[in-house]
Amino acid sequence: MNGESPVRVDAWLWAVRQFKTRSAATAACRAGHVRVNGERAKAAQSVRPGDEVRVRVDGFDRMLVVRQTLVKRVSATVAATAVDDRTPPPPPRETVAIVATRDRGAGRPTKRERRDLERLRGR
């Protein structure tokens, strides 16, 4: 059963290697991290060739278009032919803002450290 027939979105995401396990794909659907054609998708929702699937993986959205429906997990080369990845490239490192972080367990910042943090943040 592959090619043109509809397939569950969680099974398809697992088959095209977006998630390591099918249960991880199902959990992402339950958490609302998967959208099919702009709407939140439940795990059992069907996808067909031409559908746009947005998946939030590791804090970044991936925009995928279904070319071929797969039920079984396949090799990476076959999975690449079943997906049209339209994810925009990540922003360059220079445009990403630097976030000041403190070591875990360091306690509250002192007055001097707080002022340094405020100065770094530009406030």
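Heads up: the structure comes first, above all this text.
Just so it is clear, the model here is predicted, and its values are computed rather than measured. The residue numbering used here restarts from 1 in each chain and proceeds along that chain's sequence as written. In view of the model being predicted, local features appear only for residues whose pLDDT reaches at least 70, and side-chain atom pairs are presented and counted only at 80 or more, with totals across whole chains, interfaces and linings using the full set of residues. Calculation of side-chain values draws on the structure's entire complement of heavy atoms; hydrogens and water are dropped beforehand.

(A) Structural view of the overall build of the chain. Secondary structure elements are taken from DSSP: a helix is a run of H or I of four residues or more, a strand is a run of E of two residues or more, and numbering for both begins at the N terminus. Helices and strands together make up the secondary structure of the chain, namely 4 helices and 7 strands. We compute the radius of gyration from the C-alpha atoms alone; for a globule the expected value is 2.2 Å times N to the 0.38, where N is the number of residues. The C-alpha radius of gyration of the chain comes to 20 Å, more than 25% above the 14 Å expected for a compact globule of 123 residues. Counting only C-alpha atoms, the chain reaches 65 × 30 × 30 Å along its principal axes. Relative accessibility under 20% of the residue-type maximum defines a buried residue, over 50% an exposed one, and the middle range a partly exposed one, all with a 1.4 Å probe and only protein chains included. Buried residues in the chain amount to 29% of all 123 residues. Contacts are residue-level and defined by heavy atoms, with any inter-residue pair within 4.5 Å sufficient. Counting contacts in the chain only where the partners sit at least 6 residues apart, residues at least 24 apart contribute 45% of the total. Summed over its atoms, the accessible surface of the chain is roughly 8,900 Å², and 50% of this surface lies on carbon and sulfur atoms. Only four residue types enter the charge count: Lys and Arg as positive, Asp and Glu as negative, with His and the chain ends excluded. Where a charge lies is defined by one atom per residue type, namely NZ (Lys), CZ (Arg), CG (Asp) and CD (Glu). Taking the 27 positively charged and 14 negatively charged side chains of the chain as two groups, their mean positions are separated by 6 Å. To be clear on the numbers: accessible area is Shrake-Rupley with a 1.4 Å probe, and residue cover counts the displayed protein chains and nothing else.

(B) Looking closely at the nonpolar core. Val9, Trp12, Leu13, Val34 and Val53 are the most contacted members of the largest nonpolar core, which totals 25 residues. Residue assignment for this core shows that the elements contributing at least two residues are helix 1 (9-15), helix 2 (22-30), strand 2 (34-36), strand 5 (52-57), strand 6 (60-66) and helix 3 (76-82). Tallying contributions element by element places helix 1 first for this core, with 5 residues. Residues belong to one nonpolar core when they are buried, are Ala, Val, Leu, Ile, Met, Phe, Trp, Tyr or Cys, and are joined through side-chain atoms within 4.5 Å.

(C) Representation of the side chain of aspartate 84. Its location among the elements puts aspartate 84 in strand 7 (residues 83-85). Sequence-distant contacts of aspartate 84, that is, excluding residues within four places in its chain, are made with Met63, Leu64, Val65 and Arg67.

(D) Quick look at helix 2. Listing the buried residues of helix 2 in full gives Ala25, Thr26, Ala28 and Cys29. Taken end-on, helix 2 shows its buried residues confined to a sector of 160°, consistent with a single buried face. Across helix 2 from its buried face, at more than 90 degrees, point the exposed residues Ser23 and Arg30. Glycine 32 lies just past helix 2 and shows a positive phi near 85°. The arc refers to the directions leading from the helix axis to the C-beta atoms.

(E) Representation of the side chain of aspartate 51. Relative to the elements of secondary structure, aspartate 51 occurs in the loop between strand 4 (46-47) and strand 5. One buried charged side chain, aspartate 51, makes no salt bridge at all; its nearest oppositely charged neighbour is arginine 48, positioned 6.0 Å away. When residues no more than four places from it in sequence are discounted, the contact partners of aspartate 51 are Val36, Asn37, Ser46, Leu64, Val65 and Val66. Any carboxyl oxygen of Asp or Glu within 4 Å of a side-chain nitrogen of Lys or Arg constitutes a salt bridge here.

(F) The arrangement of the pairing of strand 5 in detail. Two strands form a pair only when DSSP identifies at least two bridges running between them. Pairing of strand 2 with strand 5, which is carried by 3 bridges, proceeds in the antiparallel orientation. Following the sheet pairing, valine 36 is matched in strand 5 by valine 53. Counting the residues that bridge the hairpin from strand 5 to strand 6 gives 2 residues, and of these aspartate 58 lies at a positive phi of roughly 55°.

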